[in-house]
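One-letter residues, chain by chain:
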Amino acid sequence: MSTSQTVEFSGVDGLALIADEWNRGADSAANRPTILMLHGGGQNRFSWKNTGQILADDGFHVVALDTRGHGDSDRAPNADYDVETLTADVMRVLDTLARPVVIIGASMGGLTGILVADRAGPEKVTKLVLVDVVPRFEKNGSARIRDFMLTNIDGFESLEEAADAVAAYLPHRTKPRSPEGLKKNLRLRDGRWYWHWDPAFMTKPGDDPELRTEGFEEAAANLAIPVLLIRGKLSDVVSPEGVEHFLNQVPRAEFVELSNAGHTAAGDDNDAFSEVVVAFVERSS
């Protein structure tokens, strides 16, 4: 069984980006692309722990990155969490890796992955997996995520209170018997448990969402690499109509739906998710 190590990459202006890495320099990974995993907004690299381990045990070189302002990566000066900056961070990680990669991106990480794949080109990014995200996502589902993140921005009195909030937000997911696993996503400060991401990520004004959607769609339509879109059937962020539109825009894209998953597909049904991902990245074309 491969074991991960914690490593550091340098993002824009030297900002420290922390990652878990498996199989650096392994013979089994020499002739295969690196798997670069980009989490969603408000998450961190630990959301990929199970799938990353499965891919590593399969012999791949795997890197699960904490996006700026998330997990153990540095908070951004001036709260710069614009998707262009996130993209520039990942482009620097690609330069450091200096080998072809398959990007697996969930939600925010998937949108970043679209831009990175377009800009880096098919020799650097050979495949792209989008986890429950398309450029035309559902505004109601997105607003529900925002509300959940903002409602709890001031932290929780206990891990149990946090677990209750997550259970209410993800009613389709079986609530763990113990809330201890949430310690990967929370940090204790002054007697309260806070999500392990920069609150400024949510509170700073963003750019024009319509223009941003156009930019994502244009980049996606340019892609000439294999693309896999995975949707959780219970998702309120990606609709069947959004999927259909994306597949029309990106003719080379394939689509898989996970029947027991919602927007957080990798965590909702990790076995099914990992099986689909492994089959896609192992294929020769």
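No experiment lies behind these values; they were computed from the predicted model shown.

> Can you walk me through the packing of helix H2 (residues 83-97) against helix H3 (residues 108-120) in this structure?
Describing two packed helices takes the angle between their axes plus the distance from one axis to the other. Between H2 and H3, whose axes approach to 9 Å, the crossing angle comes to 60 degrees. Viewed along their axes, H2 and H3 adopt a mutual orientation that is oblique. In terms of crossing hand, the pair formed by H2 and H3 is right-handed. Contacts between H2 and H3 involve Val-83, Glu-84, Leu-86, Thr-87, Val-90, Met-91 and Leu-94 from the former and Met-108, Thr-112, Leu-115, Val-116, Arg-119 and Ala-120 from the latter. Split by residue class, the contact of H2 with H3 holds 9 nonpolar, 2 polar and 2 charged.

> Where do I start with the nonpolar core in this structure?
Within soluble globular proteins, side chains that are nonpolar tend to cluster in buried spots. Ranked by size, the top nonpolar core spans 64 residues in total, and within it Phe-9, Leu-36, Val-125 and Phe-246 carry the most contacts. Among the elements that make up this core, the one with the highest residue count is H3 (7 residues). For this core, the domains that each give at least three residues are domain 1 (4-138 + 209-282) and domain 2 (141-199).

> When you look at the sheet that holds strand E2 (residues 16-22) in this model, what are you seeing that I'm missing?
Hydrogen bonds between backbone atoms are what pair the strands of a sheet, whose relative direction is either parallel or antiparallel. Spatial ordering of the open sheet is given by E1-E2-E4-E3-E5-E6-E9-E10, a layout of 8 strands whose pairing is mixed. Of all the strands in the sheet, just strand E1 (5-10) and strand E10 (253-258) have a single pairing partner and so form its edges. Strand-to-strand, the axes of this sheet are offset by a mean angle of 20 degrees, without reference to chain direction. Across 6 bridges, E1 lies against E2 in antiparallel orientation. For Glu-8, the partnering residue across the bridge sits in E2 and is Ile-18. Relative to the sheet, H2 contacts E1, E2, strand E3 (34-38), strand E4 (62-65), strand E5 (101-106) and strand E6 (125-131), its axis offset from that of E3 by approximately 160 degrees.

> Looking at this model, I keep getting lost on the environment of Ala-224. Mind explaining?
Relative to the helices and strands, Ala-224 is located in the loop between helix H7 (209-222) and strand E9 (227-232). Linking Ala-224 and Trp-197, residues 27 residues apart in sequence, is a C-alpha distance of 34 Å.

> Help me understand H2 in this model?
Each full turn of the α-helix corresponds to 3.6 residues, which orients residues three or four apart in the same direction. End to end, H2 covers 21 Å across 15 residues, agreeing with the expected 21 Å (1.5 Å per residue, within 8%). Along H2, the residues that are buried comprise Val-83, Thr-85, Leu-86, Thr-87, Asp-89, Val-90, Val-93, Leu-94 and Leu-97. Backbone geometry just downstream of H2 places Ala-98 in the positive-phi region, at approximately 55 degrees.

Criteria and thresholds
Residues numbered from 1 in each chain as written. Predicted model: local features only at pLDDT ≥ 70, side-chain atom pairs only at ≥ 80, totals over all residues. Heavy atoms only, no water. Axes fitted to C-alpha atoms, helices over the stretch in contact; angles between N-to-C directions. Helix = DSSP H or I, 4+ residues; strand = E, 2+ residues; numbered from the N terminus. Parallel < 35°, antiparallel > 145°, perpendicular 65-115°, else oblique. Left-handed = near helix turned anticlockwise from the far one by under 90°. Contact = heavy atoms within 4.5 Å. Nonpolar A, V, L, I, M, F, W, Y, C, P; charged D, E, K, R; others polar. Core = buried A, V, L, I, M, F, W, Y, C linked by side-chain atoms within 4.5 Å. Buried < 20%, exposed > 50% of the residue type's maximum accessible area, 1.4 Å probe, protein only. Domains from an automatic or database assignment. Pairing = 2+ DSSP bridges. Expected span 1.5 Å × (residues − 1).

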